[in-house]
Amino acid sequence: MEKLDNLTLNSTLADLPSHECKVDLKTVGQVVAKALQRQPELPGIMITANNNKIVGMISRARFFEWLSRPYGSELFLKRPIEVMLNMMGEEFKAIPDVEIRLAKCLVLLADCPIDKAVEIALQRPPSLAYEPIVIAGENSQWRLLDMQVLLLAKSQLFALAKESADAANRAKSEFLANMSHELRTPLNAILGFSQVMKRSSSLSAEQQQYLGIINSAGEHLLELINDVLEMSKIEACRTTFYQRSFDLYRLLDNLHEMLQLKASSKNLQLIFERASDVPQYVQTDERKLRQVLINLVGNAIKFTEKGSVTLRVMGNRSLHSQAEPGNEGNEKDNYQLFFEIEDTGLGMFTAEIEQLFAAFVQTETGRKSGQGTGLGLAISQKYVQMMGGEIQVKSTPGEGSIFSFDILVKLTQSSDISHLQATRKVIGLAPNQPQYRILVVDDSWESRLLLVRLLTSLGFVVREAENGLQGFHLWSSFSPHLIFMDMHMPVMNGYESTKQIKAHFKGQETTIIALTASAFEEERKAILSAGCDEVISKPFRQEVLLEKIAARLGVQYLYEDSAVQEQDEATQDELNASERSLDFHLSQMPVEWVEKLNKAALKCRERDIIQLCEQIPKTHAPLAKTLTNWANDFLFDKIIDLIQAVPAKQPALILKT
């Protein structure tokens, strides 16, 4: 078979190996037979008449098939090839006319694209589908193309197209990663410094108002950027479904409180109705559900000028699924939730509804508003589909619209919900603590300045470096307790700098928290694999940053108002009891098993941890559940802290499998 190594996506029939194998109508069949036997690569012969005009074609297979018929040799070998051609024409019920004979051949121009040629060729009757193709070139240059060569070329083009598409996807991903970094880095400075300035007590009420506007505009810009990046991740199938237990009632109450101000500013009624059969504690992707509801209710408020916006939530327990085998009695059955958002707005025409969930497409009303990217509904639809449902729309122009969807959740209990402590404003470090040293490594001067100002104002000792190499040398001399490491820098990036630091024994004791403007989960995993202990996305919130420092170094803070409401003592006692129970469960596990768990946690191997959890007896189910959740959330430090909190013991228990 001829080589097709030089094909491109723009190749045509002229680029394929073909043959100029022509004979005259008067050529004897024996001559044709010898030519085909002498040149096995020939797919057949083209037959010419006066003025070298092609009047027909006989393929190799058909020629020898006719010779093999009774008396075929006597009929055709010593007679002109015209005899065989005419008899073939009669078999096809065709008149032995020049044009009719030629019609039995597929004749294509030399500049015909390969894809198009394959499509046309395979539309022929089954008996002719794999016959050779006549290529008509310039100046009566006729050539014969083997159908197998054409199909092989098509396969080659498919491989080239796939390779090109993969390269385009890689380029797109690289572009998105760079764009994410370039957009989020300045936003980090805008939002970060606005938060730093709001800490000042010397600002007037008017200045505080201006800062609030800056912060609000920055948050809005961040939402738009996130929409574009999220849509790109959805298209590339890189969006993950993160299932967790949460309080649905609290989620709805928070959304009502958040959106009430927006509705009140337009004199709209915002009504949230929750049916009695809606469970309080459920398990699904809380972030995605919240985003869908914010998009749908927010849109309803945006495009409604008078009247009301109503969110209704209903349940349908009759559709819950049976417990999985071996989990009979499990309370986490599937349960269907139904959401409906109704407004008294402008409504939409049918033509607009058909394009409603297309990316970057806005309705006429949306375009007139001059707001948004046209991505909110497209993303919401994808999220709802990931949760097992579909958004449906009913709308009447001039009367309003109803958006509805249903999702599948799992029932859970209050004990499965993570209880968060109330956020308080940090004003400094508590007394009688060590002097904590922190190194900031970032090529962006604004990002370094933000962190240095924030951390030094609280009492930390801070040094800064503008690339990974400088950061490595400062780490060696400064011996920081914690490093904030940007991952994309010149000279030496954060990945390499982290690896070099962690390669030293002293570096194992240094906490490295990555600061990244990337929006992709793949980079988060790569960062942890490089040796970083935590990952914080830019733009970051100060509360999150300070919480990470406290969790890693055990730092204690002073707060602006010590009277801020904290969790009640009963809840705290319950949490402490829960922690003590984990200690107890872990203390009952074999020493060898605990050692394996410790090694897996130190190496950040979540899969190994999950496999070890599968070996835990049912009597210690709380331990298995907690460790699995921590592994899925990459909270390896918590696993290590738990192991260190349990006194070492001799092997006392053999696991039952």
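Scroll up for the structure.
Residues numbered from 1 in each chain as written. Predicted model: local features only at pLDDT ≥ 70, side-chain atom pairs only at ≥ 80, totals over all residues. Heavy atoms only, no water.

1. Things to note about the packing of helix α14 (residues 445-458) against helix α18 (residues 542-553)
Contact pair α14 / α18: the axes reach a minimum separation of 12 Å and the direction vectors enclose 60°. Compared by their axis directions, α14 and α18 come out oblique. When the axes of α14 and α18 are compared, the crossing they make is right-handed. Facing α14, whose interface residues are L451, L454, L455 and L458, α18 presents Q542, L545, L546 and I549. Considered class by class, the residues forming the contact of α14 with α18 number seven nonpolar, one polar and no charged. (Axes fitted to C-alpha atoms, helices over the stretch in contact; angles between N-to-C directions. Helix = DSSP H or I, 4+ residues; strand = E, 2+ residues; numbered from the N terminus. Parallel < 35°, antiparallel > 145°, perpendicular 65-115°, else oblique. Left-handed = near helix turned anticlockwise from the far one by under 90°. Contact = heavy atoms within 4.5 Å. Nonpolar A, V, L, I, M, F, W, Y, C, P; charged D, E, K, R; others polar.)

2. Some details on the sheet that holds strand β1 (residues 22-24)
Within a sheet, each strand pairs with its neighbour through backbone hydrogen bonds, oriented either parallel or antiparallel. With mixed pairing, three strands are arranged side by side in an open sheet as β1-β2-β3. The sheet is open, and its two borders are formed by β1 and β3 (54-59), each paired with just one other strand. The sheet shows a mean angle of 30° between the axes of neighbouring strands, taken without regard to direction. Alignment of strand β2 (residues 44-48) against β3, held across five bridges, turns out to be antiparallel. The residue bridging I47 from the neighbouring strand is G56, located in β3. (Pairing = 2+ DSSP bridges.)

3. Observations regarding the side chain of T498
For T498, the position within the fold is in helix α16 (residues 494-502). T498 gets classed as buried once you look at its relative accessible area, which sits at 0%. Those residues in contact with T498 that sit more than four places away from it in its chain are M485, I512, A530, G531 and C532. (Buried < 20%, exposed > 50% of the residue type's maximum accessible area, 1.4 Å probe, protein only.)

4. So, helix α1 (residues 29-38)
Burial in α1 covers these residues: G29, V32, A33, A35 and L36. When α1 is viewed along its axis, its buried side chains cluster within an angular range of 165° and face the same direction. Exposed and facing more than 90 degrees away from the buried side of α1 are Q37 and R38. (Arc of directions from axis to C-beta.)

5. As for unusual backbone geometry
The backbone of Y71 sits at a positive phi, close to 65°, despite the residue not being glycine. If you trace the backbone, Y71 turns up in the loop between α2 (60-67) and α3 (72-76). Residue Y71 is classed as exposed on the basis of its relative accessible area, which comes to 65%. Phi angles above zero are rare outside glycine, and N267 is one such case at about 55°. With respect to the secondary-structure elements, N267 resides in the loop between α9 (248-264) and β8 (269-274).

6. What about α16?
Because each turn of an α-helix spans 3.6 residues, side chains separated by three or four positions in sequence point in the same direction. Along α16, the residues classified as buried are G494, Y495, S497, T498, I501 and K502. Projected down its long axis, α16 carries its buried residues within an arc of 165°, all on one side. Here α16 starts with a cap whose side-chain oxygen sits 3.1 Å from the backbone nitrogen of Y495, and that cap is N493. (Polar contact = N/O pair within 3.5 Å; in protein donor to acceptor, adjacent residues only side chain to side chain.)

7. Some words on the nonpolar core
Of all hydrophobic cores here, the largest spans 40 residues; its most connected members are L248, L289, F339, F405 and I407. At the level of elements, α9, α10 (286-302), β10 (308-316), β11 (334-343), α13 (376-386) and β13 (400-411) are the ones that each hand at least two residues to this core. With near-sequence residues (within four places) excluded, I407 lies in contact with L289, Y335, Q336, L337, F339, V384 and M387. In this structure, L36, V55, F76 and V134 belong to the second largest nonpolar core, which totals 27 residues. (Core = buried A, V, L, I, M, F, W, Y, C linked by side-chain atoms within 4.5 Å.)

8. Description of the sheet that holds strand β4 (residues 106-109)
Spatially, β4-β5-β6 is the arrangement adopted by the three strands of the open sheet, whose pairing is mixed. The sheet is open, and its two edges are formed by β4 and β6 (142-145), each paired on a single side. Direction aside, the axes of adjacent strands within the sheet are offset by 35° on average. Direction of pairing for β4 relative to strand β5 (residues 133-136): parallel, over a ladder of four bridges. The residue of β5 that forms the bridge with L109 is A136.

9. Considerations on the layout of surface pockets
In this model, the second largest pocket occupies a volume close to 690 Å³. Considering the residues around the second largest pocket, the lining is formed by 24 residues, among which K502, Q508, D533, L602 and I640 are closest to the centre. Put simply, the parts of the chain that give the lining of the second largest pocket at least two residues each are α17 (521-530), α18, α20 (591-602) and α23 (636-645). If you tally residues by element for the lining of the second largest pocket, the top one is α23, at six residues. Split into classes, the residues belonging to the lining of the second largest pocket amount to ten nonpolar, seven polar and seven charged. (1 Å grid on protein atoms, 1.4 Å probe; cavity = no way out; pocket = protein on both sides within 12 Å on 5 of 7 lines; lining within 4 Å. Points joined across faces, edges and corners; volume = space filled by probe spheres on them.)

10. Looking at the pattern of salt bridges
One side chain can pair with another of opposite charge once the charged atoms of both are near each other. Under the definition given, this model contains 17 salt bridges. For R143, the salt bridge identified is with E20, shortest N-O distance 3.9 Å. Placement of the pair is R143 in strand β6 and E20 in the segment before β1, with a sequence separation of 123 residues. For R143, a relative accessible area of 32% corresponds to the partly exposed category. Here R448 ties to E464 by a salt bridge, and the two come within 2.8 Å at their closest N and O atoms. Here E464 lies in strand β16 (residues 461-465) and R448 lies in helix α14, a separation of 16 residues in the sequence. Classification of R448 by relative accessible area gives buried; the value is 8%. One salt-bridge network, held together by shared partners, links E273, R312, E340 and E342. (Salt bridge = Lys/Arg side-chain N within 4 Å of Asp/Glu carboxyl O.)

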